[in-house]
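# Secondary and tertiary structure notes
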Amino acid sequence: QVQLVESGGGLVQAGGSLRLSCAASGRTFSSYAMGWFRQAPGKEREFVAAISWSGGSTYYADSVKGRFTISRDNAKNTVYLQMNSLKPEDTAVYYCAAGLGSYYVTEYDYWGQGTQVTVSS
């Protein structure tokens, strides 16, 4: 069992930066790949980024590639999402998840409650 708690969301102007954190409980955190997803009002939840259990492999949606960076610290049971050059279209609730590390919502077993990111123009 893994419990996930996101933090670090907020309101930022376009072009600004935020760093999201996701703290995990449970001894098996390091055995899971981790992902970040987001959901804007009226839209489906979409893949943002994923990282392998070791941190050696990372994957990004085309819409965030070059602007966002996913990382993890297994000693701290935490995964991060550094978001730079934010755009209004990045506005959404951001969720972290633990699972297989794929692009698909259905392949993640555990989810956090989400943190709101709002980017003003």
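In this text the structure is predicted, and so the values were computed from the model without any measurement. (Residues numbered from 1 in each chain as written. Predicted model: local features only at pLDDT ≥ 70, side-chain atom pairs only at ≥ 80, totals over all residues. Heavy atoms only, no water.)

### Description of the sheet that holds strand β1 (residues 3-7)
This is how it is decided: By definition, two strands form a pair when at least two bridges between them are found by DSSP. Starting at the N terminus, helices and strands are each numbered in turn, a helix being any DSSP run of H or I of at least four residues and a strand any DSSP run of E of at least two. An axis is simply a line fitted to the C-alpha atoms; with a helix, the fit covers only the stretch in contact. Between two such axes, the angle follows the N-to-C directions and lies from 0 to 180 degrees.
Strands sit in the order β1-β3-β8-β7 across an open sheet of 4 strands; the sheet is antiparallel. Among the strands making up the open sheet, the edge pair consists of β1 and β7 (68-73). Across the sheet, the mean angle from the axis of one strand to that of its neighbour is 15 degrees, orientation sign disregarded. Pairing geometry for β7 and strand β8 (residues 78-83), over 6 bridges, is antiparallel. From the neighbouring strand, Thr 69 faces β8, where its bridge partner is Gln 82.

### Examining unusual backbone geometry
Of note in this structure, Asn 77 is not a glycine but carries a positive phi near 50 degrees. Along the chain, the position of Asn 77 falls in the loop between β7 and β8. Even without a glycine there, the phi angle at Ser 85 is positive, about 50 degrees. Positionally, Ser 85 belongs in the loop between β8 and β9 (92-99).

### A few points about the pattern of salt bridges
Selection criterion: Salt bridge, as used here: a side-chain nitrogen of Lys or Arg that lies within 4 Å of a carboxyl oxygen of Asp or Glu. Remark: exposure states derive from per-residue accessible area (1.4 Å probe, protein chains only) relative to the maximum for the residue type, with buried under 20%, exposed over 50%, and partly exposed in between.
Tallying each qualifying case throughout the model produces 4 salt bridges. A salt bridge links Glu 46 to Arg 38, with the shortest nitrogen-to-oxygen separation between them at 2.6 Å. Of the residues examined, Arg 38 reaches a relative accessible area of 5% and is grouped as buried. Put simply, Arg 38 and Asp 90 hold a salt bridge, and the shortest N to O gap is 2.9 Å. Taken together, the residues Arg 38 in strand β4 (residues 33-39) and Asp 90 in the loop between β8 and β9 connect sequence positions 52 residues apart. Accessibility classification places Arg 38 together with Asp 90 in one group, the buried group.

### Side note on the nonpolar core
To keep it simple, the criterion reads: Only buried residues count toward a nonpolar core. Its members are Ala, Val, Leu, Ile, Met, Phe, Trp, Tyr and Cys residues joined through side-chain atoms within 4.5 Å.
If you look at the biggest cluster of nonpolar residues, it comprises 36 residues, and the most contacted ones within it are Leu 4, Met 34, Trp 36, Leu 81, Met 83 and Tyr 94. Among the secondary structure elements, those contributing two or more residues to this core are β3 (18-25), β4, β5 (46-51), β7, β8, β9, β10 (108-111) and β11 (115-120).

### Points about the state of the cysteines
How we decide: Disulfides are defined as pairs of cysteine sulfur atoms found within 2.5 Å of each other.
Overall, the coordinates contain 1 disulfide when judged by the stated rule. The partner cysteine of Cys 22 in its disulfide is Cys 96, sulfur to sulfur 1.9 Å. When the S-S torsion is 45 degrees, as for the bridge of Cys 22 with Cys 96, the disulfide is right-handed. Of this pair, Cys 22 sits in strand β3 while Cys 96 sits in strand β9, placing them 74 residues apart in sequence. Across the pair, exposure class does not vary: Cys 22 and Cys 96 are buried alike.

Everything listed here is a matter of coordinates, which is why it stays silent on function.
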